[in-house]
There are 2 protein chains.
Amino acid sequence: MERKEFKKSPLYQSKKNIIAGRNPVIEALRAGQLIDKVLLFTNATGEGIFEIRNLAKEKNVPVQHVPNEKLNSLTNVQHQGVVAFKSSVVYQDLQQVVDWVNEKGETPLFVMLDGVTDVRNIGGIARSAVCCGAQAIIIPDKGVGALNEEAVKSSAGALELIQVCRVNSLLKAIDTLHLNGIKVFTSEAQAPKKLFELSFTEPCCIIMGDEGKGIQTYMNKAADDHFSIPMKGAFDSFNVSVATGIILYEAMKQRIIS
Amino acid sequence: MERKEFKKSPLYQSKKNIIAGRNPVIEALRAGQLIDKVLLFTNATGEGIFEIRNLAKEKNVPVQHVPNEKLNSLTNVQHQGVVAFKSSVVYQDLQQVVDWVNEKGETPLFVMLDGVTDVRNIGGIARSAVCCGAQAIIIPDKGVGALNEEAVKSSAGALELIQVCRVNSLLKAIDTLHLNGIKVFTSEAQAPKKLFELSFTEPCCIIMGDEGKGIQTYMNKAADDHFSIPMKGAFDSFNVSVATGIILYEAMKQRIIS
């Protein structure tokens, strides 16, 4: 059952397509509707909560525990301690995507997002990825911005064209990539190797980190190589969406020339 | 005299720092406050209007004529047919900037914006420009997004580090560039020459157009050369901020390697 739009605080205007209340969320999950995540009031108990947890697990939808105030700020209808965000994207299995790319005879070029939260940046990254012939974006089920309508809009529709793999562990995803012969590279300001000194002609995946915190240390350790985007001006860094565009352009260019 | 913030419609939330009313605008212009532009009700007459026009001309501030409804939508105080947008950026003279770059012994690398309206994109472009060692951004006095606080924020402060030249004719600006031996290049989807086949090691300026309409035909004709960013995926185009980042990266890389 689809609920009509509620009045929301301007802060959450971008989070369209909220489903609030126990039964509506249960029905949406049962119907196989695309759900980005379910927010549960930390102390929620009673009818439906057990079923919501089970259905979410079964459908691979992340559940996040939040204070009641958070739920109140999202909607002004009776949410009964449960709010779900509809997703605008169908998630794919990583191994299946790898197989599909190999079957097409293409060289895998993937992007993994480790904590990019701004949905406009995610949209921009998806757009560049499609332009540069990348086949998939890998995201964790927590800690990245929602692939909601705003992200799809910012991607100019590219998020609906590229394969999106949502995984519950990025480290496990790196294992899967390694098992498939796909190398993993990270962008690091301190890396001595410059972007254009690295070879992107073999199967590879580029990890992009949060604008503020960068790539997490354990992710950096799991990577096969690191590079820095050279910089001429005395300035901090590129916007993460622009940086990803530059890296993917370099990869594409190497593949075109080689 | 600085006015306190007014309640604005959400559409104009980004347009902070509005000055409304004849005397406040006159005082701001007289005091040499940085003003992005003045909006005048098309039929505005009477006290102050003549002085506002004169002061704006003297201070090189563009005046735009708009219907009263537009002004009403920006503020709910008595605007008396006059609203001014404060600027967050000091504008520089193009020839002076060229001289300054030459005196520093640097090779000019400029970006010209022909109709980029999204302030976040303008901010992202400024950020990439500073990262890649570009020294200036050239904008027309009409038809680009305001260099307001949101643009500065999106640029992570880069807009305050780069020279911004606001000119009343982009064509005249191209003349100035040509007289100073600076070549002008445009990015065109149909151009047979690929981005990396063009040489950016000589003094040059890159023109970026509006995301929707692209670069205006007469601007394209005035340019010395054209290039396309290669694309592997079957997709329309990069976001304009990402495209500019890619072009500036290519220019910087050529200058680093050469």
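Please refer to the structure higher up on the page.
Notes on the structure in this doc start here. (Residues numbered from 1 in each chain as written. Chains lettered and ligands numbered in written order. Predicted model: local features only at pLDDT ≥ 70, side-chain atom pairs only at ≥ 80, totals over all residues. Heavy atoms only, no water.)

## Focus on the relation of the copies chain A and chain B
So, point 1. For the pair chain A and chain B, the best superposition has an RMSD of 0.1 Å and corresponds to a rotation of 180 degrees with a translation of 0.0 Å parallel to the axis. One copy is carried onto the other by what is essentially a two-fold rotation axis.
So, point 2. Most of the interface of chain A is mirrored in chain B: 97% of its interface residues are interface residues there too. (Least-squares fit on C-alpha atoms with pLDDT ≥ 70 in both. Contact = heavy atoms within 4.5 Å.)

## Regarding the environment of A:T45
So, point 1. You can see A:T45 is positioned in the loop between β2 (35-41) and α2 (49-58).
So, point 2. For the pair A:T45 and A:L159, spaced 114 residues apart in sequence, the C-alpha separation works out to 36 Å. (Helix = DSSP H or I, 4+ residues; strand = E, 2+ residues; numbered from the N terminus.)

## Looking at the pattern of salt bridges
Residues and elements named next belong to chain A.
So, point 1. Considering all chains together, one arrives at twelve salt bridges over all chains under this definition.
So, point 2. Between D225 and K193 there is a salt bridge, with its nearest N and O atoms 2.8 Å apart. With D225 in strand β10 (residues 225-227) and K193 in the loop between β8 (183-187) and β9 (204-209), the pair connects residues that are 32 residues apart, well separated along the chain. (Salt bridge = Lys/Arg side-chain N within 4 Å of Asp/Glu carboxyl O.)

## Quick look at helix α7 (residues 170-179) of chain A
Residues and elements named next belong to chain A.
So, point 1. Buried within α7 are the following residues: L170, A173, I174 and L177. For α7, the angular spread of buried residues about the axis comes to 105 degrees, placing them on one side. For α7, the exposed residues lying more than 90 degrees away from the buried face are K172 and L179.
So, point 2. At the N-terminal end of α7, a side-chain oxygen is found 3.3 Å from the backbone nitrogen of L171, two or three residues along, and the residue is S169. (Buried < 20%, exposed > 50% of the residue type's maximum accessible area, 1.4 Å probe, protein only. Arc of directions from axis to C-beta. Polar contact = N/O pair within 3.5 Å; in protein donor to acceptor, adjacent residues only side chain to side chain.)

## Structural notes on the interface of chain A and chain B
So, point 1. Tallying the contact residues gives 36 residues for chain A and 35 residues for chain B.
So, point 2. Counting the surface lost from both chain A and chain B, the interface buries some 3,100 Å², and carbon and sulfur atoms represent 68% of this.
So, point 3. Of all residues in chain A, A:R127, A:F235 and A:Y249 bury the most surface against chain B, accounting for 22% of the area lost on that side.
So, point 4. Ionic pairing is found between A:E250 and B:K253, a salt bridge with its closest N-O pair at 3.1 Å.
So, point 5. Linking chain A with chain B are twelve residue pairs in polar contact (both at pLDDT 80 or more), by the criterion used here.
So, point 6. Counting only elements with at least two residues in the side of chain A that touches chain B, the list comes to α5 (119-131) and α9 (240-257) of chain A. (Buried area = accessible area lost by both parts, 1.4 Å probe.)

## Description of the environment of A:I35
Residues and elements named next belong to chain A.
So, point 1. Tracing the backbone shows I35 in strand β2.
So, point 2. Given the relative accessible area of 5%, I35 is considered buried.
So, point 3. Separated by 79 residues in the primary sequence, I35 and D114 place their C-alpha atoms 20 Å from one another.
So, point 4. Apart from residues no more than four positions distant in its own chain, I35 is found in contact with I19, A28, L29, V61, A84, F85, K86, S87 and R166.

## Concerning the sheet that holds β10(A)
Hydrogen bonds between backbone groups are what pair the strands of a sheet, and the pairing can be parallel or antiparallel.
Residue and element names in this part refer to chain A.
So, point 1. With respect to topology, six strands assemble into an open sheet ordered β7-β6-β5-β9-β8-β10, the strand pairing being parallel. Two strands in the sheet have a free side with no partner beyond their single neighbour: β7 (163-167) and β10. Across the sheet, the mean angle from the axis of one strand to that of its neighbour is 25 degrees, orientation sign disregarded.
So, point 2. By the bridge criterion, five bridges tie strand β6 (residues 136-140) to β7 in an arrangement that is parallel. Note that in β7 the partner of I137 across the bridge is V164.
So, point 3. Sitting on the sheet, α7 is in contact with β5 (109-114), β6, β7, β8 and β9, with an inclination near 165 degrees to β5.
So, point 4. Contacting β5, β8, β9 and β10, α9 runs over the sheet at an angle of about 165 degrees to β9. (Pairing = 2+ DSSP bridges. Axes fitted to C-alpha atoms, helices over the stretch in contact; angles between N-to-C directions.)

## Focus on the packing of helix α1 (residues 22-30) of chain B against helix α2 (residues 49-58) of chain B
All names here are of chain B.
So, point 1. The N-to-C vectors of α1 and α2 enclose an angle of 25 degrees; their axes lie 10 Å apart at closest approach. In terms of orientation, α1 lies roughly parallel with respect to α2. In this structure, α1 crosses over α2, and the sense of that crossing is left-handed. In this structure, α1 uses R22, V25, I26, L29 and R30 to contact α2, whose residues at the interface are I49, E51, I52, L55 and A56. (Parallel < 35°, antiparallel > 145°, perpendicular 65-115°, else oblique. Left-handed = near helix turned anticlockwise from the far one by under 90°.)

## Here we look at the nonpolar core
So, point 1. Counting 90 residues, the largest nonpolar core has A:L113, A:F200, B:L113 and B:F200 as the members making the most contacts within it.
So, point 2. When neighbours within four sequence positions are excluded, B:L113 is seen to be in contact with B:I122, B:I125, B:I137, B:I138, B:I139, B:P140, B:V144, B:L170 and B:M208. (Core = buried A, V, L, I, M, F, W, Y, C linked by side-chain atoms within 4.5 Å.)

## Some thoughts on helix α9 (residues 240-257) of chain B
So, point 1. Taking 1.5 Å per residue, 18 residues should reach 26 Å; α9(B) reaches 26 Å between its end C-alpha atoms and fits that length.
So, point 2. If you check the start of α9(B), you find a side-chain oxygen 2.7 Å away from the backbone N of B:S241, and it comes from B:N239. (Expected span 1.5 Å × (residues − 1).)

## Things to note about the sheet that holds strand β4 (residues 82-86) of chain B
All names here are of chain B.
So, point 1. Read across the sheet, four strands follow the order β1-β4-β2-β3 without closing on themselves; strand pairing throughout is mixed. Here the strands that pair on one side only, and so sit at the sheet edges, are β1 (18-20) and β3 (63-66). Averaged over all neighbouring strand pairs, the angle between strand axes comes to 25 degrees, with direction disregarded.
So, point 2. The pairing of β1 with β4 spans three bridges and is classified as antiparallel. Residue pairing for β4: A20 is matched across the bridge by V83.
So, point 3. Sitting on the sheet, α1 is in contact with β1, β2 (35-41) and β4, with an inclination near 125 degrees to β1.
So, point 4. Contacts between α2 and the sheet are confined to β2, β3 and β4, with β2 contributing the most and set at about 150 degrees to the helix.

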